[in-house]
Amino acid sequence: CHHGCQDYRYAHRGLPLPPLLSSSSLSSSLLSSSSSFLSPSTRTTSPAHRVLAQRGRADQSWIRRRKATGIVASFVPDKEFLKKQESAQADAMILRDPVKLTNTITKEEVSIYKNGACVTSYKTPDYDVFFVRPDAVLDGSKPISGGVPICFPQFGPGEIQQHGFARNMKWVCVDVREENAAGSRSLSWLREGSRAIYELVPNNETRKMWPNSFNCRYQIDLNSGNLNLELRVQNKGKKAFSFTGALHTYFAVDDIDKIAIQGGFKGKKYLDKTLSPPAEKTETEDELRISSFTERIYSDCTDDIRLKDGDKEVVIRSSQGWKDIAIWNPYGEEKMGYKNFVCIEHGVICEPVVLNPGDVWVSSVDILPYFNGLPAWMQSMDS
């Protein structure tokens, strides 16, 4: 799969890369060659390119070629964004952890930790969409209990550790790109958003548990009023393998007893895992409410999900890849903060995905927060 500054939008058209983003100019061992950040020691020394590097923009001839093809503006970080995201290193640029994506117009912000490539926060002007449990550990010693943990290559219990290894591995951030205005301030909703791309490849620890060759690529895009999470898995080996997985998303709520979850559940088959042994049932309700310990897996459930919580509403839309929905809340567990979250997890759980050598599986989820019936980011227009 394409990654880093060799964005698939350009690569599949055979377009030239911008001179300042050529992977041949990157040599830092701390960043992938696909990163859009240049180490000071590897920047070109020609006067013309020094000026372009200072401006953080591609040269005009490349821009003209791209305009002729109708491609929108590229994600090229400016100096201020670099200052925010880099630690103070003389010879190499190291991303801070967590990486933060921002939209300065809509006043939205996303935080991503390299541990599990876990998105822990999606702040709107009025509220944070995600919840991190009070018992969560953020020092990298264990998976983060909150935000959007990635379950791969196994969902739940099984032959390897609970929910697989992806959520407690250190992913590599191979690209971070700042928002890029496509117009004036009055046309801010047309801006191209911020983006971070993380990758996970096999290591000694993963091979002990799951001896397959793979590449996981996780792309997080923050646009105005929309967070897109795209997970790609590629089989890099010579034999087929299968996997299950999910985005184990913790959504913040004011009071678990007062929320409603809508999403075409009525008539769907689900596995009730609170029973012993777990039993399959058929949903009889149009909307779900939580009043006891809940752990359900709905199969073949791809409709939009609406989480209603007083004046707040979050729409969760899966456009490809994910086929099942898991609903979980440890009702009554005060230490977990059960009162203030519900997990709505898009996954491939009931039937494993089978990937042949070279094949790529792609999933995508959009998360759209609302407040008082309007996109939540519009609250920033009042301030």
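These figures come from a predicted structure and were not determined experimentally.

*Asks:* Explain the overall build of the protein to me, and be specific about the residues and the numbers.
*Replies:* When helices and strands are counted, the protein shows five helices and 21 strands. For the protein, the proportion of its 383 residues judged to be buried stands at 52%. Excluding contacts between residues fewer than 6 apart, the proportion of contacts in the protein whose partners are at least 24 apart in sequence is 66%. A total accessible area of about 17400 Å² is found for the protein, and carbon and sulfur atoms account for 49% of it.

*Asks:* Now, about the pattern of salt bridges: what can you tell me, with residues and values included?
*Replies:* Should their charged atoms come close, side chains of opposite charge can pair. Using the criterion set out here, one finds 16 salt bridges in the structure. Among the salt bridges present, the one from Arg195 reaches Asp221, with a minimum N-O distance of 2.7 Å. Taken together, the residues span a long stretch of sequence, with Arg195 in strand E6 (residues 194–200) and Asp221 in strand E7 (residues 214–223) at a distance of 26 residues. Judged by its relative accessible area of 7%, Asp221 is buried.

*Asks:* I'd like a description of unusual backbone geometry, backed by residues and values.
*Replies:* Note that the residue after Phe152, namely Pro153, is joined by a cis bond; omega there is 0°. By secondary structure assignment, the location of Pro153 is in the loop between strand E4 (150–151) and strand E5 (172–177). For the bond from Ser276 to Pro277, the omega torsion is 0°, close enough to zero to count as cis. By the element assignment, Pro277 lies in the loop between strand E12 (269–272) and strand E13 (279–282). For Ala117, which is not glycine, the phi torsion reads 50° and is therefore positive. Relative to the elements of secondary structure, Ala117 occurs in the loop between strand E2 (108–113) and strand E3 (118–123). For Ala117, a relative accessible area of 0% puts it in the buried group.

*Asks:* Describe in detail the side chain of His248, supporting the description with residues and values.
*Replies:* Within the secondary structure layout, His248 lies in the loop between strand E9 (241–247) and strand E10 (250–252). Contact partners of His248, with chain neighbours within four places excluded, come to Gly147, Val148, Pro149, Cys151, His163, Trp328, Cys343 and Glu345.

*Asks:* Tell me about a nonpolar patch on the surface, and please be specific about residues and values.
*Replies:* Together, Leu374, Met378 and Met381 line one region of the surface with nonpolar side chains, adding up to about 270 Å² of accessible area. By secondary structure assignment, the location of Leu374 is in strand E21 (residues 374–375). Residue class for Leu374 comes out partly exposed when judged on its relative accessible area of 44%.

*Asks:* Which residues make up the packing of aromatic side chains, and what values go with them?
*Replies:* Scanning the model with the defined rule gives 21 aromatic pairs in all. Between Tyr250 and Trp328, the aromatic rings sit 6.3 Å apart at their centres with planes inclined by 85°, giving edge-to-face as the arrangement. Within this pair, whereas Tyr250 is found in strand E10, its partner Trp328 is found in strand E18 (residues 324–329), the two being separated by 78 residues in sequence. When sorted by exposure, Tyr250 lands in the same class as Trp328, which is buried. Ring centres 5.9 Å apart and planes at 45° place the aromatic pair Trp328 and Phe341 in the tilted group. With a gap of 13 residues between them, Trp328 in strand E18 and Phe341 in strand E19 (residues 341–355) connect regions that are remote in the sequence. Taking relative accessible area as the criterion, Phe341 reaches 0% and is therefore assigned buried. Connected via pairs of aromatic rings, a cluster forms that spans Phe152, Phe165, Trp210, Phe214, Phe241, Phe243, Trp322 and Trp361.

*Asks:* Which residues make up the environment of Arg96, and what are the values?
*Replies:* With respect to the helices and strands, Arg96 occurs in the loop between helix H4 (79–85) and strand E1 (99–103). Distance in space between the C-alpha atoms of Arg96 and Tyr113 is 9.2 Å, their sequence separation being 17 residues.

*Asks:* I'd like to hear about the nonpolar core, residue by residue, with values.
*Replies:* Judged by nonpolar contacts, the single largest core of 66 residues is most densely connected at Trp171, Tyr218 and Ile367. Counting six residues, the second largest nonpolar core, distinct from the first, contains Ala246, Ile297, Ala326 and Ile349.

*Asks:* Requested: an account of the environment of Phe165, with residues and values cited.
*Replies:* Relative to the helices and strands, Phe165 is located in the loop between E4 and E5. With 41 residues separating them along the chain, Phe165 and Thr206 place their C-alpha atoms 7.0 Å apart. In this structure Phe165 touches Phe152, Pro153, Ile160, Leu200, Thr206, Met209, Trp210 and Phe214, once residues within four positions along its chain are discounted.

*Asks:* Describe the sheet that holds E2, naming the residues involved and giving the relevant values.
*Replies:* The three strands lie next to each other as E1-E2-E3, forming an open sheet whose pairing is antiparallel. The sheet is open, and its two edges are formed by E1 and E3, each paired on a single side. On average, each strand axis in the sheet is inclined to that of its neighbour by 15°, with strand direction left out of account. The pairing of E1 with E2 spans five bridges and is antiparallel.

*Asks:* Mind laying out the environment of Glu295, listing which residues take part and the relevant values?
*Replies:* Locating Glu295 in the fold gives a position in strand E15 (residues 294–298). With relative accessibility at 25%, the residue Glu295 sits in the partly exposed group. Once the C-alpha coordinates of Glu295 and Ala326 are considered, the two residues, 31 residues apart in sequence, prove to be 7.2 Å apart.

Cut-offs used in this document
- Residues numbered from 1 in each chain as written.
- Predicted model: local features only at pLDDT ≥ 70, side-chain atom pairs only at ≥ 80, totals over all residues.
- Heavy atoms only, no water.
- Helix = DSSP H or I, 4+ residues; strand = E, 2+ residues; numbered from the N terminus.
- Buried < 20%, exposed > 50% of the residue type's maximum accessible area, 1.4 Å probe, protein only.
- Contact = heavy atoms within 4.5 Å.
- Areas by Shrake-Rupley, 256 points an atom, 1.4 Å probe, with all protein chains shown as cover.
- Salt bridge = Lys/Arg side-chain N within 4 Å of Asp/Glu carboxyl O.
- Patch = residues over 30% accessible without salt bridge, like charges linked within 9 Å, V, L, I, M, F, W, Y side chains within 5 Å.
- Phe/Tyr/Trp six-rings, centres within 6.5 Å; stacked < 30°, edge-to-face > 60°.
- Core = buried A, V, L, I, M, F, W, Y, C linked by side-chain atoms within 4.5 Å.
- Pairing = 2+ DSSP bridges.
- Axes fitted to C-alpha atoms, helices over the stretch in contact; angles between N-to-C directions.

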